[in-house]
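# Architecture at a glance
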Amino acid sequence: MERTLILVKPDAIQRGLAGEIISRLERRGLKIVAMKMIQMDRALASKHYAVHQSKPFFGSLVEFITSCPVIAAVFEGPSAVQVARRTMGETDPAKSPAGSIRGDLAVEVQHNLIHGSDSPENATKEIALFFNASEILSYQREIDRWAGYS
Ligand code: IDP
Ligand code: MG
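Here's what I pulled together on the structure shown here.

Conventions used here
Residues numbered from 1 in each chain as written. Chains lettered and ligands numbered in written order. Predicted model: local features only at pLDDT ≥ 70, side-chain atom pairs only at ≥ 80, totals over all residues. Heavy atoms only, no water. Pairing = 2+ DSSP bridges. Helix = DSSP H or I, 4+ residues; strand = E, 2+ residues; numbered from the N terminus. Axes fitted to C-alpha atoms, helices over the stretch in contact; angles between N-to-C directions. Contact = heavy atoms within 4.5 Å. Near = heavy atom within 4 Å. Polar contact = N/O pair within 3.5 Å; in protein donor to acceptor, adjacent residues only side chain to side chain. 1 Å grid on protein atoms, 1.4 Å probe; cavity = no way out; pocket = protein on both sides within 12 Å on 5 of 7 lines; lining within 4 Å. Sits in = over half its atoms within 2 Å of the grid points. Points joined across faces, edges and corners; volume = space filled by probe spheres on them. Nonpolar A, V, L, I, M, F, W, Y, C, P; charged D, E, K, R; others polar. Buried < 20%, exposed > 50% of the residue type's maximum accessible area, 1.4 Å probe, protein only. Arc of directions from axis to C-beta.

## A closer look at the sheet that holds strand S1 (residues 2–8)
The antiparallel open sheet is built from 4 strands, whose spatial order is S2-S3-S1-S4. What marks the edges here is a single partner per strand, and that holds for strand S2 (31–38) and strand S4 (114–116). Taking the axes of each pair of neighbouring strands and ignoring which way they run, one obtains an average angle of 20 degrees across the sheet. Seen against the sheet, helix H2 (residues 18–28) touches S1, S2, strand S3 (70–77) and S4 and runs at an angle of roughly 10 degrees to S3.

## Some details on the site of ligand 1
Surrounding ligand 1, one finds Lys9, Tyr49, His52, Phe57, Leu61, Arg85, Thr91, Arg102, Val109, Gln110 and Asn112. Within the side chain of Lys9, an N or O atom sits 2.8 Å from an oxygen atom of ligand 1. Separating an oxygen atom of ligand 1 from a side-chain N or O atom of His52 is a distance of 2.8 Å. When atoms are counted within 2 Å of each cavity's grid points, the one that captures over half of ligand 1 is the largest pocket.

## Observations concerning the layout of surface pockets
Of the pockets and cavities examined, the largest pocket occupies roughly 610 Å³. Broken down by secondary-structure element, the contributors of at least two residues to the lining of the largest pocket are helix H3 (42–48), helix H5 (80–88), S4 and helix H7 (120–130). Broken down by element, the lining of the largest pocket gets its largest block of residues, 4 residues, from H7. Class assignment of the residues belonging to the lining of the largest pocket gives a composition of 9 nonpolar, 8 polar and 7 charged.

## Regarding H2
Within H2 the residues assigned to the buried category are Ala18, Ile21, Ile22, Arg24 and Leu25. Around the axis of H2, the buried residues are gathered within 155 degrees of arc, so they sit on the same side. Immediately beyond the C-terminal end of H2, within one or two residues, lies Gly29, with a positive phi of roughly 125 degrees.

Note that all results are geometric; they support no functional claim without further evidence.
See below:
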């Protein structure tokens with residue numbers, strides 16, 4: 001069982017696409033184990049996107065991600081990182097396949113609606129930036145019980 005950090009970005013909130021995006025991840029089979037709406041500040045944005053600090057788009061990326069509230073969530077499931085990334089599509093919506101979130105709903109690279117962790121190691125780090133352990137409410141045991149596994 002794996003976890004990944006998802007951010008529903010400001011463009012998605014402003015366009016009223018939060019439900020659609022969350023729904024696609026849920027319908028894929030990932031489970032929400034934590035979720036909150038937050039206004040990211042520059043400090044959090046800089047930490048979250050530290051790997052992109054030297055890129056020419058870093059400044060505008062921080063401006064964008066702090067421009068209005070985002071929904072931060074942790075999704076859980078088998079291969080959650082890869083499953084979420086495939087459901088999202090490529091970084092550039094223009095290169096994303098139809099059927100993916102970015103391929104169906106976005107056109108430009110900065111305003112690509114959603115963040116998803118790119119590795120299990122980064123997922124662990126990113127989740128810790130946004131959530132305390134006590135805010136992550138896994139109910140896998142209940143799901144196993146319904147399925148008759150325990
Ligand atoms: P990812 O979100 O698919 O993991 P990253 O390469 O980690 O993509 O880039 C982080 C975010 O920075 C992207 O989701 C996008 O919003 C923005 N971004 C990436 N490349 C560019 C670019 O070339 N121009 C403007 N913004 C970019
Ligand atoms: Mg990334």
